[in-house]
Structures are given as C-alpha cells and as structure tokens.
Amino acid sequence: HWPRRIMAVAAAVFDPRRPHRALLRFLLHASPFTLATFALALAAYHRLAPGPDSASVPDPLLDPAARSAVAQVVFIGLSAVTVPHMIVTELAQSHRRACGE
C-alpha cells in the first residue's frame, strides 16, 4: 500500500492540484532520511558482522555470523520504523476523528 500512501501524503502536504510535483518535493524531503537510514544500517552491519580475521568461509553470505548480523539489522530496523509509523498513523486517525472527518 506504500505507493498510494506516499502519493496521498505528498499531495496533502505539498500540492494536491499537482501530484507529480508534490511527489518530487516529498522525495526531496525524504531522501536525506532514507540515506541516513541506509548509512546507519551499514554501520550496524559492520559493527555486528565478524571481522576479516574470523572469515573462514569463502563466501560471506554463507557465514552464519554474517547472516545473523544481517537478520539483526533487518529485524531491529523494521521494528525501529514500524513502531513510530503506528504511532503517527494512530495520531492522524485520532486527529481526523476529532475534526469530524
């Protein structure tokens, strides 16, 4: 549902008459946060993954410690974005109910 949701938020926040321009502005505003998220995920992976001296497996994707690090980064990252999303969604819905929409 995210493409429809992004278009709706972009139109509501920036310009409902010109959805493509609103989407571009939304992407420009969101890109620093997206890049920061990728940078933090990469840093977390390098912090959790084993060092090069412990690499006895030729393919890093087959290394159980590296796979564990990837799983930790993915699931902790999903939790870190899901909880705030749920809070914002609930706040938006309660605001709409209070306004009578």
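Because the structure is predicted, anything quoted here is derived from the model rather than measured. (Residues numbered from 1 in each chain as written. Predicted model: local features only at pLDDT ≥ 70, side-chain atom pairs only at ≥ 80, totals over all residues. Heavy atoms only, no water.)

*Asks:* Whenever I open this one, the layout of surface pockets confuses me. Can you help?
*Replies:* Left-over empty space is what a probe sized like a water molecule reveals as it rolls over the atoms. If you add up the space inside the largest pocket, you get close to 1200 Å³. Elements with a contribution of two residues or more to the lining of the largest pocket: helix H1 (2-13), helix H2 (19-48) and helix H3 (64-99). Per-element accounting of the lining of the largest pocket gives the leading share, 14 residues, to H3. Its residues placed into classes, the lining of the largest pocket shows 23 nonpolar, eight polar and one charged. (1 Å grid on protein atoms, 1.4 Å probe; cavity = no way out; pocket = protein on both sides within 12 Å on 5 of 7 lines; lining within 4 Å. Points joined across faces, edges and corners; volume = space filled by probe spheres on them. Helix = DSSP H or I, 4+ residues; strand = E, 2+ residues; numbered from the N terminus. Nonpolar A, V, L, I, M, F, W, Y, C, P; charged D, E, K, R; others polar.)

*Asks:* What's the story with the pattern of salt bridges in this structure? I'm lost.
*Replies:* Should their charged atoms come close, side chains of opposite charge can pair. Within the structure shown, the criterion is met by three salt bridges. When the shortest N-O distance is used, the salt bridge between aspartate 15 and arginine 17 registers 3.7 Å. A relative accessible area of 8% places aspartate 15 in the buried class. Exposure remark for arginine 17: the relative accessible area of 71% places this residue in the exposed category. Note that glutamate 90 is salt-bridged to arginine 97, the shortest N-O span being 3.1 Å. Taking relative accessible area as the criterion, glutamate 90 reaches 41% and is therefore assigned partly exposed. Through salt bridges with shared partners, one network takes in Asp15, Arg17 and Arg18. (Salt bridge = Lys/Arg side-chain N within 4 Å of Asp/Glu carboxyl O. Buried < 20%, exposed > 50% of the residue type's maximum accessible area, 1.4 Å probe, protein only.)

*Asks:* Sorry if this is basic, but what is going on with the packing of H1 against H2 here?
*Replies:* Packed helices, taken two at a time, are described by their axes: the angle between them and the distance between them. Between H1 and H2, whose axes approach to 8 Å, the crossing angle comes to 95 degrees. On the basis of their axis angle, the class for H1 and H2 is roughly perpendicular. Where H1 approaches H2, its residues Ile6, Met7, Val9, Ala10 and Ala11 are matched on the opposing element by Pro19, Ala22, Leu23 and Phe26. (Axes fitted to C-alpha atoms, helices over the stretch in contact; angles between N-to-C directions. Parallel < 35°, antiparallel > 145°, perpendicular 65-115°, else oblique. Contact = heavy atoms within 4.5 Å.)

*Asks:* Would you mind going over a nonpolar patch on the surface with me for this structure?
*Replies:* On the surface, a nonpolar cluster with roughly 450 Å² of combined accessible area is contributed by Val70, Val74, Phe75, Leu78 and Val81. As for its placement among the helices and strands, valine 74 is situated in helix H3. (Patch = residues over 30% accessible without salt bridge, like charges linked within 9 Å, V, L, I, M, F, W, Y side chains within 5 Å. Areas by Shrake-Rupley, 256 points an atom, 1.4 Å probe, with all protein chains shown as cover.)

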